[in-house]
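Structure assessment
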Amino acid sequence: KNQTLTPLVSLKAALSQASSAEVKSDLYNSLFIETLKFSPDEAKNYAQLQINLAGKESLNKGLAQGLNNLSVYYNSQGKLDSASYFIEQTILAYQKTKDLSGLGGAYLNLGNLNRQSGDFPSAISAYKKASSYFSQAGETSKYASAINGIGNAKRNLGELDSALFFYKTEASYHKAIKEAEAMGIKQSTAMAYNNIGTNKARRKDFDSAAFYFKKSLDIRKTLGNRMEIGMSENNLGNVYRDLGNLDSALHYHELALQSKLEANDKY
């Protein structure tokens, strides 16, 4: 309630006063999110505390959140095998809660991990399950993320015609941008701009690709997610390389490297 306190201090103060297990579980989850970027080991501890509490108090949702957070932690450390193990445990936990949105999120994360490790067929399978759960839950923006994941994995496999089908054409992305902007969902807006840029680059329209990648980068800078900022910077480096502007390409690749180092993105 005290707006003069930082979120971390406020959360810790709330935790010290929390009396119910459900509230403590939610606070552990929030503390994990708040500390992951600057203190990963502390964040991991909050995830483990939430898991321990959830097991003791039979909090299925809290257990699923804690397991998911451990997966996120191990992914941030470049330990993909451990991340995959905990996201599979997350799926099992969410199945007990009948939380469709939670299941969709877990399968979306599994798809991202499979794609990151190069197992594109498994990624597509996970993304399809995610899209189904999001559709049932009425999560339009998250459903679009899952469909986008299918398109990305199809593109990785070289199935460009199929990928374009799942990308739903650029017109649909512009519609998604308007909807995301109307709802104030900056992350979805940045993702849509990034995907338009990817499509433009695939068609060798590199000037347009650079335009959309920059729009994505500008939004991601306001959000402060160093991993996603690095992704946009790397995309711009690739496009400027294809345009023959090697000075700009090197500039953005160096920025991307710094962002990835700050995000501890070993992969």
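Scroll up to find the structure this text is about.
Residues numbered from 1 in each chain as written. Predicted model: local features only at pLDDT ≥ 70, side-chain atom pairs only at ≥ 80, totals over all residues. Heavy atoms only, no water.

1. A word on the nonpolar core
Within the largest apolar cluster, 45 residues are counted, with the highest numbers of intra-cluster contacts made by F32 and Y107. Contributing elements (two or more residues each) for this core: helix 1 (7-17), helix 2 (21-35), helix 3 (40-57), helix 4 (60-76), helix 5 (80-97), helix 6 (100-116), helix 7 (120-137) and helix 8 (140-156). In terms of residue count, helix 5 provides more of this core than any other element does, 7 residues in total. Once residues within four sequence positions are removed from consideration, F32 is found in contact with A43, K44, Y46, A47, N69, V72 and Y73. Counting residues in hydrophobic clusters, the runner-up holds 11 residues, among them A209, A210, L236 and A249. (Core = buried A, V, L, I, M, F, W, Y, C linked by side-chain atoms within 4.5 Å. Buried < 20%, exposed > 50% of the residue type's maximum accessible area, 1.4 Å probe, protein only. Helix = DSSP H or I, 4+ residues; strand = E, 2+ residues; numbered from the N terminus. Contact = heavy atoms within 4.5 Å.)

2. Some points on helix 12 (residues 206-223)
Under the 1.5 Å per step criterion, the end-to-end length of helix 12 is 26 Å for 18 residues, consistent within 8% with the ideal 26 Å. By the burial criterion, the buried members of helix 12 are F206, A209, A210, Y212, F213, S216, L217, I219 and R220. Once helix 12 finishes, G224 follows within two positions and takes phi at roughly 80°, a positive value. (Expected span 1.5 Å × (residues − 1).)

3. A few points about the environment of F206
Relative to the helices and strands, F206 is located in helix 12. Remark: the alpha-carbon pair of F206 and D242, spanning 36 residues in sequence, is separated by 7.2 Å. The residues touching F206, leaving out its near neighbours within four places in the chain, are A201, V239, D242 and L243.

4. A look at the side chain of T35
Looking at the element boundaries, T35 is found in helix 2. Owing to a relative accessible area of 0%, T35 belongs among the buried residues under this scheme. At 2.8 Å, the side chain of T35 forms a polar contact with the backbone oxygen of L31. What T35 contacts, discounting residues up to four positions off in sequence, is L8, P40, E42, A43 and Y46. (Polar contact = N/O pair within 3.5 Å; in protein donor to acceptor, adjacent residues only side chain to side chain.)

5. Describing the pattern of salt bridges
Summed over the entire model, instances satisfying the criterion amount to 5 salt bridges. E42 is the salt-bridge partner of K12, the closest N and O atoms lying 3.4 Å from each other. With K12 in helix 1 and E42 in helix 3, this residue pair connects regions lying 30 residues apart in the sequence. On the basis of relative accessibility, which here comes to 37%, the residue K12 falls in the partly exposed class. On the basis of relative accessibility, which here comes to 24%, the residue E42 falls in the partly exposed class. Residues E228 and R220 are paired through a salt bridge, measuring 3.7 Å at the closest nitrogen-oxygen approach. (Salt bridge = Lys/Arg side-chain N within 4 Å of Asp/Glu carboxyl O.)

6. Description of the packing of aromatic side chains
In this description, an aromatic ring pair is defined by two values, namely the gap between the centres and the angle between the planes. This model, assessed by the stated rule, comprises 8 aromatic pairs. One aromatic cluster is present, formed by Y73, Y74, Y85 and F86 through successive ring pairs. (Phe/Tyr/Trp six-rings, centres within 6.5 Å; stacked < 30°, edge-to-face > 60°.)

7. Observations concerning the environment of Y267
With respect to the secondary-structure elements, Y267 resides in the segment after helix 14 (246-262). In this structure the C-alpha to C-alpha distance between Y267 and G78, which are 189 residues apart in sequence, comes to 5.7 Å. Filtering out sequence-adjacent residues up to four positions away, Y267 remains in contact with L80 and Q116.

8. Digging into the packing of helix 4 against helix 5
Following both chains from N to C, one finds helix 4 and helix 5 inclined at 165°, their axes separated by 8 Å at the closest point. Looking at the two axes, helix 4 sits roughly antiparallel to helix 5. In this structure, the crossing between helix 4 and helix 5 has a hand that is left-handed. Packed against helix 4, whose contacting residues are N60, K61, L63, A64, Q65, L67, N68, L70, S71, Y74 and N75, the element helix 5 presents L80, S82, A83, F86, I87, Q89, T90, A93, Y94, K96 and T97 at the interface. Class assignment of the residues belonging to the contact of helix 4 with helix 5 gives a composition of 11 nonpolar, 9 polar and 2 charged. (Axes fitted to C-alpha atoms, helices over the stretch in contact; angles between N-to-C directions. Parallel < 35°, antiparallel > 145°, perpendicular 65-115°, else oblique. Left-handed = near helix turned anticlockwise from the far one by under 90°. Nonpolar A, V, L, I, M, F, W, Y, C, P; charged D, E, K, R; others polar.)

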